[in-house]
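A closer look at the structure
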Amino acid sequence: MITTEAAVLTAVNTPLKLTTIHVDDPEPNEVRVAVSNVGLCHSDLHYMTGTVGTDLPVVVGHEVAGVVEAVGSSVTGLRPGDRVTGALTPSCGRCVNCNAGHSTQCRTVAEARQRPRPAFQLPNGEPIARLADIGAFSRHILMRENSLVKLPDEVPLHVGCLLSCCIITGVGAVFRGAQVRPGSTVAVIGCC
Ligand SMILES: [Zn+2]
Ligand SMILES: [Zn+2]
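Summarised in this report is the structure supplied together with it. (Residues numbered from 1 in each chain as written. Chains lettered and ligands numbered in written order. Predicted model: local features only at pLDDT ≥ 70, side-chain atom pairs only at ≥ 80, totals over all residues. Heavy atoms only, no water.)

1. Notes on the packing of aromatic side chains
- Applying the stated criterion across every chain yields a total of zero aromatic pairs.
- Across the ring face of Phe120, the terminal group of Arg130 is positioned such that the distance to the ring centre comes to 5.8 Å. (Phe/Tyr/Trp six-rings, centres within 6.5 Å; stacked < 30°, edge-to-face > 60°. Lys NZ or Arg CZ within 6 Å of the ring centre and 35° of its normal.)

As structure tokens, this is what we get:
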């Protein structure tokens, strides 16, 4: 366990409070990341304003990039010092949907989200929820190895964090949702 700081939401429509928290040790398949950069997504605001319900207290933030600082005993693909960005939805990498390339529809996602102890706790032992089981508005986070992607050296961390949600959401909407192809006629409606 380490002690760090996170911006904690204790009640909707109130400011986040910079708070001392405890971050658990990585489980065998988890990685602890020192967070360097985080985007602010409208999903974070939904939790902060109460339009999407959440347990409280909670650490929001999910568009994250940082540097690996500790790995669990089963982790083989990452090591301390690796620069990474996080994926929003955890996946097992083994079920039929994962094997078909649809990791966002992993059949064991509920199981993947479970861990034996809270990842974040207040110093008094009270558990702190994490948006998307990430809670990126913390200086240190825990994520599963297969929810992290190494960033190429030429991608700076402040750009890499946007790959977590902002960029892939837009790209998915264009190429998967709207099925835009070369030659398609499209209307571009503002920016969000
Ligand atoms: Zn987002
Ligand atoms: Zn799966």
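So much for the structure itself; the text now carries on.
2. Remarks on the sheet that holds strand E3 (residues 30-39)
- Ordered by their spatial adjacency, five strands build an open sheet running E9-E3-E5-E6-E10, and the pairing between neighbours is antiparallel. Bordering the open sheet on either side are strand E9 (140-144) and strand E10 (148-150), each of which pairs with just one other strand. Taking the axes of each pair of neighbouring strands and ignoring which way they run, one obtains an average angle of 45° across the sheet.
- Here E3 runs beside E9; their pairing, made up of five bridges, is antiparallel. For Ala34, the partnering residue across the bridge sits in E9 and is His140. (Pairing = 2+ DSSP bridges. Helix = DSSP H or I, 4+ residues; strand = E, 2+ residues; numbered from the N terminus. Axes fitted to C-alpha atoms, helices over the stretch in contact; angles between N-to-C directions.)

3. Quick word on the sheet that holds strand E7 (residues 120-121)
- Pairing is mixed across the open sheet formed by five strands, whose spatial order is E1-E2-E7-E8-E4. Here the strands that pair on one side only, and so sit at the sheet edges, are strand E1 (2-8) and strand E4 (58-59).
- Relative to strand E8 (residues 127-130), E7 runs antiparallel, the two being bridged by two bridges. In the sheet register, Gln121 faces E8, and the bridge partner there is Pro127.

4. Brief notes about the coordination of the zinc ion (ligand 2)
- Surrounding the zinc ion (ligand 2) are the protein donor atoms Cys92 (SG), Cys95 (SG), Cys98 (SG) and Cys106 (SG), which sit 2.3 to 2.4 Å from the metal.
- Angles of 103 to 114° at the metal separate the four donor atoms of the zinc ion (ligand 2), which places the site in the tetrahedral class.
- Mapped onto the sequence, the donors of the zinc ion (ligand 2) take the spacing C-x2-C-x2-C-x7-C. Of this pair, Cys95 sits in the loop between strand E6 (83-86) and helix H2 (96-99) while Cys106 sits in the loop between H2 and helix H3 (109-112), and the two are 11 residues apart along the sequence.
- Among the residues examined, Cys95 registers a relative accessible area of 12% and is labelled buried.
- Judged by relative accessible area, which is 6%, Cys106 ranks as buried. (Donors = N, O, S within 2.8 Å, 3.2 Å for Na, K, Ca; no water. Tetrahedral: all angles 85-135°; square planar, octahedral: opposite > 155°, others 65-115°. Buried < 20%, exposed > 50% of the residue type's maximum accessible area, 1.4 Å probe, protein only.)

5. Section: the coordination of the zinc ion (ligand 1)
- Listed as protein donors to the zinc ion (ligand 1) are Cys41 (SG), His62 (NE2) and Cys165 (SG); their distances from the metal cover 2.1 to 2.3 Å.
- Sequence positions of the residues that donate to the zinc ion (ligand 1) give the spacing C-x20-H-x102-C. Residue Cys41 is found in the loop between E3 and helix H1 (42-49), and its partner Cys165 is found in the loop between helix H4 (157-160) and helix H5 (166-177); the two are separated by 124 residues along the sequence.
- A relative accessible area of 8% places Cys165 in the buried class.

6. Things to note about the environment of Val174
- Position of Val174 among the secondary structure elements: in helix H5.
- You can call Val174 partly exposed: its relative accessible area is 35%.
- Separated by 110 residues in the primary sequence, Val174 and Val64 have C-alpha atoms spaced 23 Å apart.
- Those residues in contact with Val174 that lie beyond four places of it in its chain are Gln179 and Val180. (Contact = heavy atoms within 4.5 Å.)

7. Thoughts on the side chain of Asp44
- Residue position: Asp44 is located in helix H1.
- Classification of Asp44 by relative accessible area gives buried; the value is 0%.
- A distance of 2.9 Å separates a polar atom in the side chain of Asp44 from the backbone nitrogen of Gly61.
- Setting aside chain neighbours within four positions, we find Asp44 in contact with Gly39, Val60, Gly61, His62, Leu131 and Phe137. (Polar contact = N/O pair within 3.5 Å; in protein donor to acceptor, adjacent residues only side chain to side chain.)

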